[in-house]
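# An overview of the molecular structure
Single-letter residue listing:
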Amino acid sequence: MRQNPVIQVNKLRKTYGDVTAVNDISFEVYEGEIFGMVGPNGAGKTTTIECIEGLRKPDGGEMTVFGLHPEKDGFNLKTRIGIQLQQSELQARIKVWEVLDLYSAFYERSVNWTGLLDQLGLSDKRNTQFAKLSGGQKQRLFIALALINDPQLVFLDELTTGLDPQARRNMWDLVRSIRDKGKTVFLTTHFMEEAERLCDRVAIIEHGKIVAIDTPEELVKNLGAENRVVFSVDGEFDKDLLNSFDSVAGVEQTGERVVVSGRSDQLVVDVVVALSDRKIKFRDLRTEQANLEDVFLSLTGHIMRD
């Protein structure tokens, strides 16, 4: 996957007056991967992706997409990429089939948009006006427009913002299906769970700088964070029952809730066996593993903000 970079960015910089939105960032996106740029609102994600798409002029740095310059080779590039913008709107009364038919006429080569309707679950909305679509249906329509020219590379900017949890998960399945068709996906999001579930690699961006870039698994692994086993008991819990295990780094109790932390894969087994052997009644036992939220907190010193 990594032998063919389709996007190469070197020291990209963009300022707005006294504000530096993107501060000398460099990275590559490889063919066939889902690459995510993750960070809070205002971190520089949309500015970065719009510079790469050729929609915004950078103040410094170099970029190529399929070896083409986004500004100088914009016409040739736009036949090979598809773009879903963070904020988009269409005429309220235009029908789904009308907008797809219109957009397909913009390209010398386009896919059969009736097939896109089937793929995106919009066939029954073919004659529905844009204003009458739900939020998730509008997002699927905008994805259809991004795919109308059968692009090799698809940009998705904050795709699931404003969607309910079920619609968000449906979008995740859709993004995976786009990648499974051999396309490369570059998405931005401020939902850490979304990046962790979807992306082959993620770049964490904060205040216009990339603070980490790797697979979600490696970012979590390199954090060296402890896993946790959480359960509830009645009354005071004797911490010494678990502190003797090598897998246990610490035991804390707050009210009925007991949190056992450690870095060993043996942690869960040791806790459950110890509780069972001593016939300690417990309930609501669950495990909590480190995730990208923990990575972001470790790297920036604060939790993700909206």
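The paragraphs below set out a description of the structure included in this document.

Quick notes on the rules
Residues numbered from 1 in each chain as written. Predicted model: local features only at pLDDT ≥ 70, side-chain atom pairs only at ≥ 80, totals over all residues. Heavy atoms only, no water. Phe/Tyr/Trp six-rings, centres within 6.5 Å; stacked < 30°, edge-to-face > 60°. Helix = DSSP H or I, 4+ residues; strand = E, 2+ residues; numbered from the N terminus. Buried < 20%, exposed > 50% of the residue type's maximum accessible area, 1.4 Å probe, protein only. Salt bridge = Lys/Arg side-chain N within 4 Å of Asp/Glu carboxyl O. Arc of directions from axis to C-beta. Contact = heavy atoms within 4.5 Å. 1 Å grid on protein atoms, 1.4 Å probe; cavity = no way out; pocket = protein on both sides within 12 Å on 5 of 7 lines; lining within 4 Å. Points joined across faces, edges and corners; volume = space filled by probe spheres on them. Pairing = 2+ DSSP bridges. Axes fitted to C-alpha atoms, helices over the stretch in contact; angles between N-to-C directions.

So, on to the packing of aromatic side chains. As enumerated under the stated definition, the model contains eight aromatic pairs in all. Ring geometry for F155 against F186: centres 5.8 Å apart, planes inclined by 40°, an arrangement best described as tilted. Here F186 lies in strand β7 (residues 184-189) and F155 lies in strand β6 (residues 153-157), a separation of 31 residues in the sequence. By the burial criterion, F155 is buried, and F186 matches it. With a centroid separation of 6.2 Å and 70° between ring planes, the pair formed by F231 and F282 is classed as edge-to-face. Of this pair, F231 sits in strand β10 (residues 227-232) while F282 sits in the loop between α10 (267-277) and β13 (283-288), placing them 51 residues apart in sequence. Since its relative accessible area comes to 0%, F231 is described here as buried. The class of F282 is partly exposed, set by a relative accessible area of 31%. Connected via pairs of aromatic rings, a cluster forms that spans F27, F35, F155 and F186.

Looking now at the pattern of salt bridges. Across all of its chains, the model carries 16 salt bridges by this definition. Notably, a salt bridge pairs R179 with D180, separated by 3.3 Å at the nearest N-O pair. Measuring nitrogen to oxygen at the nearest pair gives 3.9 Å for the salt bridge that ties E288 to R257. Here E288, found in strand β13, pairs with R257, found in strand β12 (residues 257-262); they are 31 residues apart in sequence, far enough to count as distant. Here R257 falls in the partly exposed class, since its relative accessible area comes to 37%. What you see here is one network of salt bridges that share partners, running through R228, R257, R286 and E288.

All right, on to α10 then. Three or more residues of α10 are buried, namely L267, D270, V271, A274 and L275. Viewed end-on, α10 has its buried residues packed into an arc of 120°, placing them on one side of the element. Contacts made by the buried residues of α10 are with β10, α9 (240-243), β12 and β13. Downstream of α10 by a residue or two, K279 has a phi angle that is positive, lying close to 55°.

For the structure on display, the rule yields one cavity of 30 Å³ or more. Considered as a void within the structure, the largest cavity measures approximately 30 Å³ in volume.

Strand order in the open sheet made by the four strands is β11-β12-β10-β13, with antiparallel pairing throughout. Since the sheet does not close on itself, it has two edges, and those belong to β11 (250-254) and β13, each with one partner. Neighbour-to-neighbour, the strand axes of this sheet turn through a mean angle of 15°, independent of strand direction. In this structure, β10 lies alongside β12, joined through six bridges in antiparallel fashion. Residue pairing across strands places F231 opposite V258, the latter belonging to β12.

With that out of the way, let us pick up the sheet that holds strand β5 (residues 81-84). Strand order in this open sheet of six strands is β5-β6-β7-β3-β8-β9, and the pairing throughout is mixed. If you trace the sheet from one side to the other, it starts and ends with β5 and β9 (209-214), each paired once. Recorded for the sheet is a direction-independent mean angle of 15° between the axes of neighbouring strands. By the bridge criterion, five bridges tie β6 to β7 in an arrangement that is parallel. If you follow D157 over to β7, its bridge partner there is T188. Contacting β3 (34-38), β5, β6, β7 and β8 (201-206), helix α1 (residues 45-53) runs over the sheet at an angle of about 150° to β6. Contacts from helix α8 (residues 216-223) reach β8 and β9, with the element oriented near 100° to β9.

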